[in-house]
Amino acid sequence: MITRFLVQRILRLRMPGMIILFVLLFVGGYLLESKSWEVTLAEKHAEDSFTYDVDKDLVSKFIALGVEDSELGAPYKMYPIDVRGFHATLVEYPFGSSPRNENKFETPRGMVLYVHGLNDYFFQKELAEKMDSAGYAFFAIDLHGYGRSILPNQARCNMSYTQEHYPELDYAIAMGEHIMNTMNRVPLVLMGHSQGGLIVPLYASDRPNLKIDGLVLNSPFLEMNYSSFVRKVAVPVISFAGLFFPEISLGSTGNPNYAYSMHKSKYGEWEYNTDWKTFSRPELRLHWLRAIHKGQDRIISRGLKIKAPVLVMHGDCGIKSEEWVDEYNHCDGVLNPELIRDVAPRIGSNVKLLEIENGQHDLLLSKLPVRTETYNSIFKFMDEVTW
């Protein structure tokens, strides 16, 4: 835990060290306010990613390399996305494949691209089948450093800035549209869970020339789940330190209780690859914290200008406990739903908030009654934005 990491080290300081620490806090705070030191070379390089622009030849090349998904098997397909020095993977659930599909739509009524969270990858067959049965062409992406996209000797789940994911999202959308091969444009809905729920609205805001018809955010990571002091003082200062010491480790959390609430081997009902979605959070570094903080701060401080309808869903309670307690089965074991609710209206001008009773962090991996309510709400929203 970041908080424990900080407290342990602060308590070891003697008086001179404490004085230096507080001086650094004040200096760091001043520099953060002045914004004069706040952009790294990598972040400057990312600014040229603010235009949706794809190479059609590369789109065709990536699609031609598609194969049966090695993780979920047929009918799922996976396609490589290799852009800007990163390797990502697009997963397709071919339209019309769902055994739930009773309506037998001849053409998609919309396209959905799903973006996973931290320590995560796409494995939710139920989500793909339900989207398909409702008439939506479904695609998901394993971002670089996650799931199917992990390369040998590559650290999992780390990023230096949120914009580094934009090119792979650009190509995922373009590839999905090419695969659908429809005569007319179909509505586009982006779905994001947790960290993906932070990346998706930032991406949508930075793509003004890309027509996005709706956003569905499942417990988005809009604010750190810490005390007000840690969020407003400690995190900004540590984020600032990430300019100079990006590779300092934040360690990993040994608390597996959220994973226990999901995995079939414990208290949940799901099976997934525990090498890609580990019981404990993977080791993260300061550049990851800085990327998250800057993305969250942008929403909190300035707000986004998204005009497309946005559905933000979250549970009705949060739980933080080192020991296993039953609340993990019906509360958010990662984020604070109250903080999500407070920040969400800053995303755009048309944000709908929905609190789901007994919802876990991933509402679509919660207990069946919760999932049923969540899916009903999602499809009602999507019907409104795609018709």
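Remember, predicted model here, so these are calculated numbers, not experimental data. (Residues numbered from 1 in each chain as written. Predicted model: local features only at pLDDT ≥ 70, side-chain atom pairs only at ≥ 80, totals over all residues. Heavy atoms only, no water.)

A few points about the pattern of salt bridges
Pairing is possible between side chains that carry opposite charge, provided their charged atoms lie close to one another. Summed over the entire model, instances satisfying the criterion amount to 14 salt bridges. Linking Arg207 and Asp170 is a salt bridge whose minimum nitrogen-to-oxygen distance equals 2.8 Å. A residue pair is termed long-range when its members are at least 10 positions apart, and Arg207 in the loop between α7 (195-205) and β7 (214-218) and Asp170 in helix α6 (residues 166-180) qualify at 37 residues. Of the two residues, Arg207 and Asp170, neither departs from the other in class, the shared state being buried. (Salt bridge = Lys/Arg side-chain N within 4 Å of Asp/Glu carboxyl O. Helix = DSSP H or I, 4+ residues; strand = E, 2+ residues; numbered from the N terminus. Buried < 20%, exposed > 50% of the residue type's maximum accessible area, 1.4 Å probe, protein only.)

Some words on the packing of aromatic side chains
The tally for this structure, following the rule as stated, stands at 15 aromatic pairs. Through pairs of rings, three or more aromatic residues link up here, namely Tyr76, Tyr93, Tyr114, Phe122 and Phe138. Just above the ring of Tyr260 sits the side chain of Lys266; from NZ or CZ to the centre is 4.9 Å. It is Lys277 that lies over the ring of Tyr272; its NZ or CZ is 5.7 Å from the centre. (Phe/Tyr/Trp six-rings, centres within 6.5 Å; stacked < 30°, edge-to-face > 60°. Lys NZ or Arg CZ within 6 Å of the ring centre and 35° of its normal.)

A closer look at helix α5 (residues 125-133)
Most of α5 sits out of view: 7 of its 9 residues are buried. Along α5, the residues classified as buried are Glu126, Leu127, Ala128, Glu129, Met131, Asp132 and Ser133. Just downstream of α5 lies Gly135, where phi reads positive at about 100°.

Looking at the pairing of strand β11 (residues 351-356)
In the sheet, strand β10 (residues 310-315) pairs with β11 via 6 bridges, with the strands oriented parallel. Paired with Met313 across the two strands is Leu354, which belongs to β11. Since β10 and β11 lie parallel, the crossover through helix α11 (residues 337-343) that links them has a hand, and here it is right-handed. (Pairing = 2+ DSSP bridges. Right-handed = clockwise from strand over helix to strand, strands pointing away.)

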